[in-house]
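Structural features, examined
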Amino acid sequence: MDSPSKAQLENMDLFLVSEIKRPKDGAMEIKFFDRLKALEKLENDNSLSDNAKSLYDAISQSAKAVGCGKSDY
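Fair warning: this is a prediction, and the values are worked out from it, not measured in the lab.

What follows concerns the overall build of the protein. Of regular secondary structure, the protein possesses three helices and two strands. Helices and strands in the protein line up, N terminus first, as α-β-β-α-α. In the protein, which comprises 73 residues, the share counted as buried stands at 4%. Of all intrachain contacts in the protein linking residues separated by at least 6 positions in sequence, the fraction that spans at least 24 positions is 0%. Split by element, the accessible area of the protein, about 6,800 Å² in all, is 53% carbon and sulfur.

This part covers the layout of surface pockets. The space that makes up the second largest pocket amounts to roughly 170 Å³. Around the second largest pocket sit Met1, Pro4, Leu9, Met12, Leu14, Ile20, Arg22, Met28 and Ile30, which together line it. Considering only residue class, the lining of the second largest pocket consists of eight nonpolar, no polar and one charged.

Moving on: the pattern of salt bridges. Inspection of every chain in the model, using the stated rule, returns one salt bridge. One salt bridge in this structure joins Lys21 and Glu19, with 3.5 Å as the shortest N-O distance. Judged by relative accessible area, which is 31%, Glu19 ranks as partly exposed.

Right, let's get into a nonpolar patch on the surface. A cluster of nonpolar side chains, namely Met1, Leu9, Met12, Leu14, Phe15, Leu16, Ile20, Met28, Ile30 and Phe32, defines an oily patch on the protein surface of about 980 Å² accessible area. Here Leu9 shows up in helix H1 (residues 6–10). Using a relative accessible area of 39% as the deciding quantity, one classes Leu9 as partly exposed.

Here Phe32 shows up in strand E2 (residues 29–32). Its relative accessible area of 55% is what places Phe32 among the exposed residues. On a C-alpha basis, the gap between Phe32 and Val17 in space is 4.4 Å, while along the polypeptide they are 15 residues apart. With near-sequence residues (within four places) excluded, Phe32 lies in contact with Leu16, Val17 and Ser18.

Of note, Leu55 is situated in helix H3 (residues 50–69). You can call Leu55 partly exposed: its relative accessible area is 47%. Residues Leu55 and Leu39 lie 16 residues apart in sequence; the distance between their C-alpha atoms is 10.0 Å.

How each quantity is defined
- Residues numbered from 1 in each chain as written.
- Predicted model: local features only at pLDDT ≥ 70, side-chain atom pairs only at ≥ 80, totals over all residues.
- Heavy atoms only, no water.
- Helix = DSSP H or I, 4+ residues; strand = E, 2+ residues; numbered from the N terminus.
- Buried < 20%, exposed > 50% of the residue type's maximum accessible area, 1.4 Å probe, protein only.
- Contact = heavy atoms within 4.5 Å.
- Areas by Shrake-Rupley, 256 points an atom, 1.4 Å probe, with all protein chains shown as cover.
- 1 Å grid on protein atoms, 1.4 Å probe; cavity = no way out; pocket = protein on both sides within 12 Å on 5 of 7 lines; lining within 4 Å.
- Points joined across faces, edges and corners; volume = space filled by probe spheres on them.
- Nonpolar A, V, L, I, M, F, W, Y, C, P; charged D, E, K, R; others polar.
- Salt bridge = Lys/Arg side-chain N within 4 Å of Asp/Glu carboxyl O.
- Patch = residues over 30% accessible without salt bridge, like charges linked within 9 Å, V, L, I, M, F, W, Y side chains within 5 Å.

Structure (structure tokens):
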């Protein structure tokens, strides 16, 4: 879409999109979040604060719970 309306944008699933650019040449650049890279960085950081460690643990437990529920894969 060249110019999506506000309603169209609200109905789009843009959860994984970190950035959308439209350079002058008319192309479109879409950058996505790399969640695995972010989690690895949290895991490897030796100076984790208690809050960051708690966040990492919560995300890890959620991922395990979702993975356990998908026995078909």
